[in-house]
Amino acid sequence: MQEIFFYIFAALTLLFGFLVVANPFSRNPVTSATFLVMTMAALAGLFVTLHAFFIAAVQILVYAGAVMVLFLFVIMLLDLKEEERRRFNAFGIGAGIIAVGAIAAILVKTIWFSGVGGNKKPMTEGSTIALGRELFTNYLLPFEIVSVLLLVAMVGVILLSKKELK
């Protein structure tokens, strides 16, 4: 049963990921952002089937929650009418194909030289408690700097999205 759910969530992740990029329903970026949220929720389901409950919770809270709020702020700054009228650019499509090919080549090279399938055993040590202790003791300052940086970015987006400052 677990394998069936894994394949269902994997298929949903691929489907929603495709719909983020090539959305046949609408050219509205908000629709693509909605499909991105569903992709992240399906990824969380994949993590649950792999018994990685902490990563699944972080996937929902951080990515589907906080990061999508930032994406929606950026979408609010866009001129949606202009984006809907814009046509495809041949140079952009060509550059995108080259970029995807380069990323695929890097991925294949990385997997080829990683030793996957050999006698390597996965590391099964570590827990949420150890991760939290490490994050809030040794990496507390970078953690707080990132949180302040995200707060400043959010306030900046709100100020930039206003039409007139009084």
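Note: the structure precedes this text.
Residues numbered from 1 in each chain as written. Predicted model: local features only at pLDDT ≥ 70, side-chain atom pairs only at ≥ 80, totals over all residues. Heavy atoms only, no water.

Chemist: Would you mind going over the overall build of the chain with me for this structure?
Modeler: Across its full length, the chain carries seven helices and zero strands. Across the chain, helices and strands are ordered from the amino to the carboxyl terminus as α-α-α-α-α-α-α. For the chain, the computed accessible surface area is about 13,300 Å², with 74% contributed by carbon and sulfur atoms. (Helix = DSSP H or I, 4+ residues; strand = E, 2+ residues; numbered from the N terminus. Areas by Shrake-Rupley, 256 points an atom, 1.4 Å probe, with all protein chains shown as cover.)

Chemist: Where do I start with the packing of helix 1 (residues 2-21) against helix 2 (residues 29-49) in this structure?
Modeler: Two numbers describe how helix 1 lies on helix 2: the axes approach to 8 Å, and their chain directions differ by 160°. Relative to helix 2, the element helix 1 is oriented roughly antiparallel. In the crossing of helix 1 with helix 2, the sense of the turn from one axis to the other is left-handed. Of the residues in helix 2, those in contact with Gln2, Phe5, Phe6, Phe9, Ala10, Leu12, Thr13, Phe16, Gly17, Leu19 and Val20 of helix 1 are Ser32, Phe35, Leu36, Met38, Thr39, Ala42, Leu43, Gly45, Leu46 and Thr49. Looking at side-chain class alone, the contact of helix 1 with helix 2 contains 14 nonpolar, seven polar and no charged residues. (Axes fitted to C-alpha atoms, helices over the stretch in contact; angles between N-to-C directions. Parallel < 35°, antiparallel > 145°, perpendicular 65-115°, else oblique. Left-handed = near helix turned anticlockwise from the far one by under 90°. Contact = heavy atoms within 4.5 Å. Nonpolar A, V, L, I, M, F, W, Y, C, P; charged D, E, K, R; others polar.)

Chemist: Please explain the packing of aromatic side chains as it appears in this structure.
Modeler: Ring pairs (aromatic) are described by centroid distance and by the angle formed between their planes. Under the counting rule described, the total for this entry stands at three aromatic pairs. Taking the centre distance of 6.3 Å and the plane angle of 25° together, the rings of Phe16 and Phe35 count as stacked. Here Phe16, found in helix 1, pairs with Phe35, found in helix 2; they are 19 residues apart in sequence, far enough to count as distant. In this structure Phe16 comes out as buried when scored by relative accessible area, which is 15%. A ring pair is formed by Phe136 and Phe143, whose centres lie 5.2 Å apart and whose planes are at 85°; its orientation type is edge-to-face. (Phe/Tyr/Trp six-rings, centres within 6.5 Å; stacked < 30°, edge-to-face > 60°. Buried < 20%, exposed > 50% of the residue type's maximum accessible area, 1.4 Å probe, protein only.)

Chemist: Looking at this model, I keep getting lost on the nonpolar core. Mind explaining?
Modeler: When a protein is soluble and globular, its nonpolar side chains tend to lie buried together. Ala33, Met40, Ala64, Met68 and Ile75 together form the largest nonpolar core, which totals five residues. Those elements that place two or more of their residues in this core are helix 2 and helix 3 (53-77). With three residues, the top contributor of residues to this core is helix 3. Apart from residues lying up to four places away in sequence, Met68 is in contact with Ala33, Leu36, Val37, Met40 and Tyr63. (Core = buried A, V, L, I, M, F, W, Y, C linked by side-chain atoms within 4.5 Å.)

Chemist: In this structure, what is going on with the environment of Ala153? I would like to understand it.
Modeler: As for its position among the elements, Ala153 is in helix 7 (residues 140-161). Judged by relative accessible area, Ala153 falls into the partly exposed class, the value being 39%. In the structure, Ala153 is positioned 83 residues away from Leu70 in sequence and 9.0 Å away in space, judged by C-alpha atoms.

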